[in-house]
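Close look at the chain arrangement
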Amino acid sequence: MTVSAAVGLFALPPDVCAERPLDFSRDILPLLSENCFQCHGPDEANREAGLRLDDRGGATTKLDSGERALVPGDSANSGLYARISSTDPDLRMPPPGSGKKLSDAEVARLKTWIDAGATWSGHWAFEPPRRSPPPSQVSGWHVENPIDLFIQDRLREAGLQPEPAADKPTLIRRATLDLTGLPPTIDEVDDFLADTSPLAYERLVDRLLESQRYGEQMARIWLDAARYADTHGLHLDNERSIWPYRNWVIDAFNRNMPFDQFTVEQLAGDLLPGPTLQQRVATGFNRCNVTTSEGGSIAEEYYVRYAVDRVETTSTVWLGLTAGCAACHDHKFDPLTQKEFYQLFSYFFSLTEKAMDGNALLPPPSVKVPSSLQAARQRTLTGQLAEVEAEIETAISQWKYEDPLAGKPLDPLAKQDRVWFDDALPPGAQPAGDGPDPWKFVTAPDHPVYSGANATVRTGNGLTQHYFTGASEPLIVGANDILFAYVFLDPKDPPETVQLQFNDGSWEHRAFWGADKAHGAGRNNPSNLRLGDLPRVGEWVRLEVPAAAVNLPPGSKLNGWAFTQFKGTVHWDQAGIVTIAPLGPQQAESLAAWEHYRKTVKHPALPADVQKVLDVEADQRTAAQSDQLLRYYLQHVNPASRARFAEPLQRRSRWQQELADLEKAIPATLVMEERQQPRQAHVLERGEYTLKREAVESRVPEWLGELPAEAPANRLGLAQWLTRPDHPLTARVTVNRYWQQFFGTGLVRTAEDFGLQGEQPSHPELLDWLAVEFVESGWNVKRFLKLLVMSSTYRQASRVTPEKLAADPQNRLLARGPRFRLDAEVIRDQALALSGLLVDEIGGKSVRPYQPAGLWKPVGFGGSNTSVFKQDSGAKLYRRSMYTFWKRTSPPPTMTAFDAPDRETCQVRRARTNTPLQALVLMNDVQFIEAARKFAERVMTDGGQDVEQRIKFAFRSVLARVPNRSELDSLKALYEDYRAEFASDPEAAAKLLAAGESPLDKTLDTGELGAWTMVAHLLLNLSETVTRG
Amino acid sequence: MNPLRDSALIETRRHFFGRAATGIGAAALGSLLGAELPGATSGAAANGASMGGLAGLPHFAPRAKRIIYLFMSGAPSQLDMWDYKPKMQDWFDKDLPDSVRNGQRITTMTSGQKRFPIAPSIFKFARHGQHGAWVSELLPHTAGVVDDLAVIKTVNTEAINHDPAITYIQTGSQLPGRPSTGAWLSYGLGSLNRNLPAFVVLHSTVNGGFGGQALYARLWGAGFLSTRHQGVSLRSTGDPVLYLSNPDGMSAKMRRRMLDELDRLNRERYAEVGDPEIQSRIAQYEMAYRMQTSVPELTDISNETERTLEMYGPEVKKPGTFAANCLLARRLAERGVRFTQVFIRQWDQHGNLPKDIRRQCGIIDQPCAALINDLKQRGMLDDTLVVWGGEFGRTIYCQGGLTKTNYGRDHHPRCFTKWLAGGGVKPGMVYGETDDFSYNVQENPVHIHDLNATLLHCLGVNHEQLTFRYQGRDFRLTDVHGQVVNDILA
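About the thresholds
- Residues numbered from 1 in each chain as written.
- Chains lettered and ligands numbered in written order.
- Predicted model: local features only at pLDDT ≥ 70, side-chain atom pairs only at ≥ 80, totals over all residues.
- Helix = DSSP H or I, 4+ residues; strand = E, 2+ residues; numbered from the N terminus.
- Buried ≥ 20, exposed ≤ 12 C-beta atoms within 10 Å, placed from the backbone.
- Contact = placed C-beta atoms within 7 Å.
- Core = buried A, V, L, I, M, F, W, Y, C linked by C-beta atoms within 7 Å.
- Domains from an automatic or database assignment.
- Axes fitted to C-alpha atoms, helices over the stretch in contact; angles between N-to-C directions.
- Parallel < 35°, antiparallel > 145°, perpendicular 65-115°, else oblique.
- Left-handed = near helix turned anticlockwise from the far one by under 90°.
- Nonpolar A, V, L, I, M, F, W, Y, C, P; charged D, E, K, R; others polar.
- Expected span 1.5 Å × (residues − 1).
- Arc of directions from axis to C-beta.
- Pairing = 2+ DSSP bridges.

**Topic: the overall build of chain B**
Along chain B, the regular secondary structure elements total 13 helices and 17 strands. Considering chain B as a whole, with its 490 residues, one finds that 60% of them fall into the buried category. The contacts in chain B between residues at least 6 apart in sequence include a share of 75% that link residues at least 24 apart.

And the structure:
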C-alpha cells in the first residue's frame, strides 16, 4: 500500500488517528462488508443483480447490465463509485431505506482506493498472524517488554504520553484481583512494600501465578464461555451434575496446561488414544449446553439444536466467528457457506446422548469421578469382597449335604391363623379414622377383650370407622386364604352394619354384615360383598372373608385394613389371615420340603433368579439350576449350614453395603461419547430440521487452513486443526480474550467476532506479535499472562486527566492504566475475604448461599427439583461465588445484578453496567451486611486499640492504600456518630448484628461493634472498593 | 458513532460526556433509566418525554406510550373462549379428517394416539357488543368490554412446546439468548419515570400458590442488550424490589448518614482520579435511595377508592393475585412504566379442561375487564396498549378420554386467539378467520412476528429499524420477519 489518506479507525476517535497508508483489510473491506455484503456478499442464494463484492473477481466482472462495479484505477468508470456517490435516491447505494449509509469521507476513501488501483487482499484475521519487529523505543519512555513498544508507538502517533507506574499499594491490589479474583491481605501488602528490590513486582506476579486461587479466577471466566451451569436450562430446569468438569478446568489452569492441550481435551478428550478419566471429564465442555425433556418435544429437532449450539460455541470460543448465521443461509459477511456450517455441525451430530435429558441428574453418557480416597477404598473393598466370595465358594463346595426326606412323600402344608393385628398395629402402619383420636384401645375387665391386653372400641352415630395404611411388611395373600377379625357388638347399642375393608393400594375390597349402609352401598360385588346378617350381640364372633371373594387373588399384598360400622358401639380385636403355617425347623433340614413350601408360599425377598429356578419342575432343571438352588438353600435355609455361613455372609453383605454407599457417593459428570454408527448430517434448509438437503460429512472450512495430514475425520481432527500453530484465528482470538481480561477491552473489542463485521484491532501488529509469541511459547498460558502484567503498559497509574479522557474516553490506546468495575463474583468474594468468612477449599459441588425467599417458586415448574430453593448453611454459605448453584431459569440475583451472564449460551465478553439495583445489593443484601459485621469484628480484634489505628486497618484491608487525612477524619466522625446512635439505641445494634448465620463474637461491645459494622459497611460500598484501579 | 451500534460496555461514559451540561444526575440515571429531565421532580415525567432510549426514536408518532401485557402461560384454549365453532357439535367423537391435519406435525404427547376424536366445546357462546362478537360464557365480564377489544383469531407460531414457544413469542427466537420485548422497548424508547424501571414483571398466584408450566428469566431478560434493560420483577412477598429494605437495625436516618459520607468519599476520590464511573455510581446510590420510597408508594393501594377496588373483584386486596396485579399494572402505567408484563400460569389443560378453564377464567375475567374500564375512565386507554393471550392454542381433538362433559386438548400452534385493546388499535373488531375445526387459518393469518411488529408499531417503532449489532449482525425482535397488521390499527 502506498496511498496515503486520513483514515478514521472507527473504534477510535478521529483525533487520535494519524495519517497512515490505506490498508485494504483495515480501511476498505469493513466498508464493503457493512454496506454492501448484505446483498452482494458471500450468500449466493440472496445475491442481488448477480454482483458480488466480497472477492475481486466478482467485483471486476462485467455484469449483465454491461457495467463493471470495479474498474481498478478508474473510479469514473466504476459502477460501484457511481452508485455510492449518486444523488438519485433510485440509484444510490446503499439504498436509502436499508438503514445503511456511507459518509462522504467513506465515499472519498473508496474513490481514493479505486483510483490507486483497487488493491485487494483477504480479511486480516483469515491470514496467519505474522510477527513483525516491534517499533523502536520512544526516547525517555519506560519500557518493560515489547508490548510497551507497540503501545507507545501508537501513543506517540496520537500525541499522548503514558502515565508513570502506579504506586505499590495500587499495583498489588490490581495484580492480586486480576490474577486471583481476591484482594491482597494487609500482610501481603506489607511484604510487598518492604521488598524494595527491583524484582519485587516480578516476585509478586510469580507468587500470584502459583496461587491455587489463580486457577479459580481463570476458570470462572472460562466457564462463561463454556456456558457452565448446574441445571439443564429448558422447561423443568432440573439439576444436572457436571461440576467435576469445573474442577477439571480449575486444575488445568493451576497446572498450567498448554492451551492446545486444553483445547484438544475439552473438544475431543474421549477420542484420544486410551483416554484417561480426566480427559473424558474435560469433554464436559460441550455437554454444558441447555437441554430439554419437555413432554411432546420431537427428538430430531433437539438433536439438531444441540449440535448447532456446539458449533456456535466452539466457533465463538476458538474461531471468533459467528458461525450460527450460516445455519440458515450462507454467511452474509464472512466466507462461511451453509454447507461448511453443516460440515462443522456433523462433528457434533453423532453423540450417544439422547435428545431428551429425562430431567435426570446424569443424562448419559456420564462417568464417575471418584476422589483418590474414594478410589482407594473402592479397590480395598472390591478385593475384600473377592476374598470372602472365594471363602464362601470353597466352604459350599466342601459341604456334604444329604436330604433326610429324599424320596419320601411330603406332608401336605398345614394352615393356621396368622395374626396381623392384635394389641398393636403392624410395623409402619399409620393409624387413621374419624374423630380426633380414632384408635381407642380399651382393656378388661371394664370392656370385653378377646385376646391379649386390649381391644379397640368405636361408637358412632352414622357411618364411622378406624383404619390403618402403610404397613411396611405387607400381609401376603395365598391360595384359598381367609381373612378374619373378631367383633363384639354392644347389646345396649348394636350397630346396623359392620364392615371390613382391605387395602392393597386401593380400598375396593370390602365385606359387610347387616344393613347395606356402609361404603360402596348398593353394589353387592367384590368391592362390597354382603356376607350375612349382623353377628350375635354380647359375645365375640369371628368374622371370616374368603380373600378371593373380595377380589384379592394369591400374591395380593395388603398394607391396610379398616374396621367400619354404621351407628352403634362395636369392639374389635385380633385380625389376620388363615394361611399356610411356616416351615418348621425339621422340615427346613430338607431341601425337598423347603422347595415344596416355597412353591406355594412366595417370599418377596427371594432373589428373582432363585424364584425362577423354583418355578421349573425339579426333573426339568439343568445341573447348573439344581446347583444354584442347593447353594441358596445351604446359605440361607438349612439350619446347620446356615450357621456355618452366617459370619462370612454377614461380612460380605456389610462390605457390599459399604461399596454400594461409596459408589453412590462418588460424583459423576456428563461427558461426550461418539456413536458406533455415525448419524448422517445434512444441509438443513433455513436451518429447519425437517428440510434435509445435501448429505455432508465432517469437515473444516479449509479457507482457514487445511486439516493436518494425520487428522482423523472426527472431533479430534477438528481440535488438531484448531491448534495448528499457523491457524489464523485460534491464537489471536485467545490472546485477545486474555488482553480483555487484564485491560478491560480486547485489542479487538468484539472478542466474539473476528469476522468482517467485527471491529478492527486497535493494535494489529501487537495482536499478531502476541499470537505468535503465545504459540511459539508452546501455548504457555502463565508465561503469556506474566508477559501482560509485567508490561509497563499494565503497570501505569489509572488516573485520568480531562484531556486524556476527551482524547480517548474508552482508553483503547492505553495512555493510562486500565480501570474497571470488578466482576460480580469478585465483588462478593472480596467481601467474604475481608470478613474472614471465605472458605479456602478448592472445587467441589455447587452450594446455595443466601438468596431472598421465594425466587424460584413463581417461575418453577411444579415437578421440577429446583422449584424450591433450600438454602445451605455453615461453610457452604461462604464459598467463592463460582461455586454458587447456577439455576439457569432463575440465576442468583446478586450475580446477574452485576452483569454475570445467564449461562444459557456462550459468552466471551461481559457487559459492565452501573445501576441502582447494584447499589441496593451492596446496601442491603444480608451477605454484605454479615460480611461487614464479621469484618468489623476483625477490625476490633486485629486492628489495634485506638479508633484511628482501626480505621487505618480497615481501610488498608479493603483498598491496600493508607487513608489520607480527610478520609480518616470523615470515617472517624462517622464512627463516633454511629457509636452515639447505638449507645442510645442498643437494640438497633443488636438487630444489625443479627444479620447472617455466622456466630457473633459476644466478647465485643455491641454498640461499638455496631458502629464498626457501619464503617465496614460504608467501606464495602465505596466506588473504589468495587473498582480495580 | 452510530447509536444503533451502541455498546453496553461504554454506556455510562458516553452518557456522561454527552450530557455533561446537566450535571451528575444526568450521567447516573442514564445508566438505568436514561437521562434525567431537568425540572422533573417525581413520578412520571411531566411533559411525557422519555429518558434514555435511542436518538431518532420513536420513528414516528406513537399511538401508545406503554404496554400492559397479560400473559396466559400454558396456552388457553381458543376453542372454549373465543373461536366459536358451532358445527363441531355434530362432530362429537368423530375423527379429525386427515385433510384438515394435512400431515402437520403434532406433539409426541398425542402423536401416539390411535384416534384424534373431535371434542366440541361444552361452553355456550353468545354475541356481545355492538359488533356482535362471539364470546363464551366463561368470560361474562370480558364480554362486557368486547367493544373495546380487537380480537385476533389467527395468531400462529411454529413452536409446539411450551419452552420454545414462550421463548419465541417473548424474544423472537425459540432458542435462549435474545432480548425480550420489554427489554427492546426499554433499550429503544427509554423510561418515562426516573424512579422506576422501564420494564416491570408481575407474577400471579392461582388459588394462593404458583405452579403450572415453568417461566424463565430469559422471558424478561435483556439477552445481548445491556442488563439494565431486563425486566425487574415486582414481588408480592418480601421486598417488592430485591434488596430494597434497609437491614434490620438500620434506620432511614442511619442510612442517610452513611450515604452522605459515601457520597463525600466518592467525590473526593473522583477529584483524585477523574474516573467518570465514580460520578455515575454516586448517582446510582441516590437513585437507590429514592426507590426505597417510590416503590412502597407504588404498591400501597390504600388510596384507591372502594369503587375501583370493587371493579377488580374481591381478590384485588390479596397481593400477588391476578386481580391485584392488574390494578398494580394500572398504577405502573400511571407512573409511566413502559412495559408491564403480568404472568398467570396453569392454562396447560391437557386433561380435565372444562373444570380447569372455569377456574382460570373465574380468576382472570373480571380483572381483565376492570383493567380496560379503569384505564378508560382515567383516559389512559388511548395511550396504553393492553395485550392478552398465551404462547399457542389448543387442539380441537381430544387428548386422553373424551366424554360429553370432559376432555383435554393438546398444544396447537397453527391458530390461536389473542386480543389487543387501547392505544392505536381499532376497538370492537374480530380479525382473521379459522376453518371449522379451528385447525388452520383461513384468512388473515397473524404470525407472532407480525403481532410483535404491530406492538412496536403502536409505540412508534419501526420493527425493522430497532436493531442491535451483536456478533456482527443487526438483530431485531422480529428476526428477519414480521409485517405490521395494518387492518387492526385505528
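**Digging into the nonpolar core**
Most often, soluble globular proteins keep nonpolar side chains buried together rather than apart. Core analysis: the largest hydrophobic core is formed by 318 residues, its most contacted members being Phe345, Val1015 and Ala1016 of chain A together with Ala150 and Cys326 of chain B. Among the elements that take part in this core, helix H12 (residues 353-377) of chain B stands out by supplying 11 residues, more than any other. The contacts of Val1015 of chain A, once residues within four sequence positions are left out, are Ala954, Leu971, Leu974 and Tyr975 of chain A. Tyr450, Ala471, Leu475 and Val498 of chain A belong to the second largest nonpolar core, which has 38 residues in total.

**What about the environment of Gly1007 of chain A?**
All names here are of chain A. As for its position among the elements, Gly1007 is in helix H35 (residues 1006-1021). On the basis of neighbour counts, which here come to 21 C-beta atoms within 10 Å, the residue Gly1007 falls in the buried class. C-alpha of Gly1007 to C-alpha of Ala983: the two residues are 24 residues apart in sequence and 5.8 Å apart in space.

**Things to note about the domain arrangement of chain A**
By a widely used convention, the size of an interface equals the accessible area lost when the partners come together. The domain architecture assigned to chain A consists of domain 1 (4-122), domain 2 (402-411 + 584-637), domain 3 (428-579) and domain 4 (924-1028). For domain 2 of chain A and domain 4 of chain A, the distance between their C-alpha centroids amounts to 78 Å.

**What to know about the interface of chain A and chain B**
With 85 residues of chain A at the interface, the matching set in chain B holds 75 residues. Of all the secondary structure elements, the ones that give two or more residues to the side of chain A that touches chain B are helix H27 (802-807), helix H29 (893-897), helix H30 (916-924), helix H33 (965-984), helix H34 (986-992) and H35 of chain A. Broken down by element, the residue count for the side of chain A that touches chain B peaks at 7 residues, all from H30 of chain A.

**Comments concerning the packing of helix H8 (residues 252-273) of chain B against helix H9 (residues 276-299) of chain B**
Residues and elements named next belong to chain B. Relative orientation of the contacting elements H8 and H9 amounts to 165°, with a least axis distance of 9 Å. What the angle tells us is that H8 and H9 run roughly antiparallel. The crossing of H8 and H9 is left-handed. Taking contact as the criterion, the partners of Leu259, Leu262, Asp263, Asn266, Arg267, Arg269 and Tyr270 in H8 are, on H9, Ile278, Gln279, Arg281, Ile282, Tyr285 and Tyr289. When grouped by side-chain class, the residues that make up the contact of H8 with H9 number 7 nonpolar, 2 polar and 4 charged.

**Let's talk about the environment of Leu189 of chain B**
Summarising the element assignment, Leu189 of chain B is placed in helix H7 (residues 181-189). Taking C-alpha positions, Leu189 of chain B is 8.6 Å from Val461 of chain B, a pair spaced 272 residues apart along the chain.

**So, helix H20 (residues 623-636) of chain A**
Residue and element names in this part refer to chain A. Taking 1.5 Å as the rise per residue, H20 with 14 residues should run 20 Å; its terminal C-alpha atoms sit 20 Å apart, in good agreement. All of the buried residues along H20 are Leu629, Tyr633 and Leu634. Buried residues along H20 cover an arc of 130° about the axis, so they all sit on one side. Looking at the buried residues of H20, the elements they touch are helix H16 (372-398), helix H18 (591-600), helix H19 (608-615) and helix H21 (639-665).

**Structural notes on the packing of H20 of chain A against H21 of chain A**
Residue and element names in this part refer to chain A. Closest axis-to-axis distance for the H20/H21 pair is 6 Å, and the angle between their directions is 85°. Compared by their axis directions, H20 and H21 come out roughly perpendicular. Packed against H20, whose contacting residues are Leu634, Gln635 and His636, the element H21 presents Ser641, Arg642, Phe645 and Leu649 at the interface. Each residue belonging to the contact of H20 with H21 can be placed in one class, and the counts come to 3 nonpolar, 3 polar and 1 charged.

**Observations regarding the pairing of strand E5 (residues 199-203) of chain B**
Residue and element names in this part refer to chain B. In terms of burial, E5 is a largely internal element, 5 of the 5 residues being buried. Judged by which residues are buried, E5 turns out to be covered on both faces: Phe199, Val201 and His203 on one side and Val200 and Leu202 on the other are all buried. Across 5 bridges, the pairing between E5 and strand E7 (residues 339-344) is parallel. In the sheet register, His203 faces E7, and the bridge partner there is Phe343.

**Some words on helix H13 (residues 448-458) of chain B**
A turn of α-helix holds 3.6 residues, and therefore any two residues three or four places apart point the same way. All names here are of chain B. Burial analysis of H13 places 11 of its 11 residues in the buried class, the great majority of the element. Turning to H13, its buried residues number three or more, namely Ile448, His449, Asp450, Leu451, Asn452, Ala453, Thr454, Leu455, Leu456, His457 and Cys458. Immediately beyond the C-terminal end of H13, within one or two residues, lies Gly460, with a positive phi of roughly 80°.

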